[in-house]
Amino acid sequence: MILVKTESEIDRMREPCAIVRDTLVFVGSKVRPGITTGELDALADEYIRSCGAIPSCKGYCGYPAAICASVNEEIVHGIPGGRVLREGDIVSIDLCAYKNGFHGDGARTFAVGSVDAEKQKLIRVTEECFWQGIENLRAGTPLYDIGAAVQKHAEENGFSVVREFVGHGIGHEMHEDPSVPNFGKRGTGVRLKEGTVLCVEPMIVAGSRALRVLDDGWTAVTLDKKPAAHYENTVVIRRDGVEILTL
Ligand code: MF3
Ligand code: CO
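Report on the accompanying structure.

Parameters and conventions
- Residues numbered from 1 in each chain as written.
- Chains lettered and ligands numbered in written order.
- Predicted model: local features only at pLDDT ≥ 70, side-chain atom pairs only at ≥ 80, totals over all residues.
- Heavy atoms only, no water.
- Helix = DSSP H or I, 4+ residues; strand = E, 2+ residues; numbered from the N terminus.
- Expected span 1.5 Å × (residues − 1).
- Buried < 20%, exposed > 50% of the residue type's maximum accessible area, 1.4 Å probe, protein only.
- Arc of directions from axis to C-beta.
- Contact = heavy atoms within 4.5 Å.
- Near = heavy atom within 4 Å.
- Polar contact = N/O pair within 3.5 Å; in protein donor to acceptor, adjacent residues only side chain to side chain.
- Areas by Shrake-Rupley, 256 points an atom, 1.4 Å probe, with all protein chains shown as cover.
- Nonpolar A, V, L, I, M, F, W, Y, C, P; charged D, E, K, R; others polar.
- Pairing = 2+ DSSP bridges.

1. Focus on helix 2 (residues 37-50)
Count 3.6 residues to each turn of an α-helix, and residues three or four apart come out pointing the same way.
Phase 1 of the analysis: The end-to-end C-alpha distance of helix 2, which contains 14 residues, comes to 20 Å, matching closely the 20 Å that a straight helix rising 1.5 Å per residue would cover.
Phase 2 of the analysis: Along helix 2, the residues classified as buried are Thr-37, Leu-40, Asp-41, Ala-44, Asp-45 and Ile-48. Looking straight down helix 2, one finds its buried side chains confined to an arc of 135°; they lie on one side. Across helix 2 from its buried face, at more than 90 degrees, point the exposed residues Glu-46 and Ser-50.
Phase 3 of the analysis: Here the buried face of helix 2 lies against helix 1 (7-30), strand 1 (67-71) and strand 3 (90-99).
Phase 4 of the analysis: A positive phi of about 80° marks Gly-52, the residue just after helix 2.

Next comes the structure, spelled out in structure tokens:
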């Protein structure tokens, strides 16, 4: 069931979402060759708690960290640890914060030093896919218009869209209805109502979309080892457009 939020509930979501935004900016400023993903996780965990929020990825379905840090061919849900970031890597940071009884959720992909042209394009196109996905989004838009726009932009640029992981509604729970795929057919799906809060999160790969999950039970990687990128914001459906809470 898709829960529509009241204006006062949306107001209570502003703070956790702003904390997600600020934490992503802070963690992004720390990305450089030589830092480990575990160090980025510790910085994010401390930052989120210093804002009076809870890093709600930690403990979610047994997930062990405050952030997901997915490097290069890792698509999503990379577990932070001793991996040292190297010049030329890209790292996707995905995190949630819980405050006022609500979750916020967002992700960005950062370049570590200078990266090759394909990775630069992948980061840019993945962010553009988000903007394409929300471009015509407003009350009454059919749900799969989002995915259709994301998929079109990714594929026009020679990239592929992951099918196994999707965006989602968000609120009191991190994952609420509806699922928000990054693919689909325009004009289909439920018509979204004003006050619906969604996480729109393109996960785009440079090569084939075939993937597997590592033995850690979390880290999704491309089978062809080509790089992946992720960009996510929490957005509110409004009468005439969307309001982005994590920017
Ligand atoms: N923030 C992620 C999302 O977009 C959730 C990661 S799963 C977790 O849905 F277990 F790490 F929390
Ligand atoms: Co999400």
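2. Here we look at the site of ligand 1
Phase 1 of the analysis: In the region of ligand 1, 14 residues are neighbours, and Asp-94, Asp-105, His-168, His-175 and Glu-201 sit closest.
Phase 2 of the analysis: Note that a nitrogen atom of ligand 1 is positioned 2.9 Å from one of the side-chain N or O atoms of Asp-105.
Phase 3 of the analysis: Between ligand 1 and His-168, the relevant distance is 3.2 Å, taken from an oxygen atom to a side-chain nitrogen or oxygen of the residue.
Phase 4 of the analysis: Coverage of ligand 1 by the protein chains reaches 97% of its 340 Å² of free accessible surface.
Phase 5 of the analysis: Taken together, the residues of the shell around ligand 1 break down into seven nonpolar, three polar and four charged.

3. Side note on the pairing of strand 8 (residues 197-200)
Phase 1 of the analysis: By the alternation rule, side chains of strand 8 split into Val-197 and Cys-199 and Leu-198 and Val-200, which are all buried.
Phase 2 of the analysis: In this sheet, strand 8 lies alongside strand 6 (residues 167-169) in antiparallel orientation, the contact comprising two bridges. If you follow His-168 over to strand 8, its bridge partner there is Cys-199.
Phase 3 of the analysis: Alignment of strand 8 against strand 13 (residues 233-237), held across four bridges, turns out to be antiparallel. From the neighbouring strand, Val-200 faces strand 13, where its bridge partner is Asn-233.

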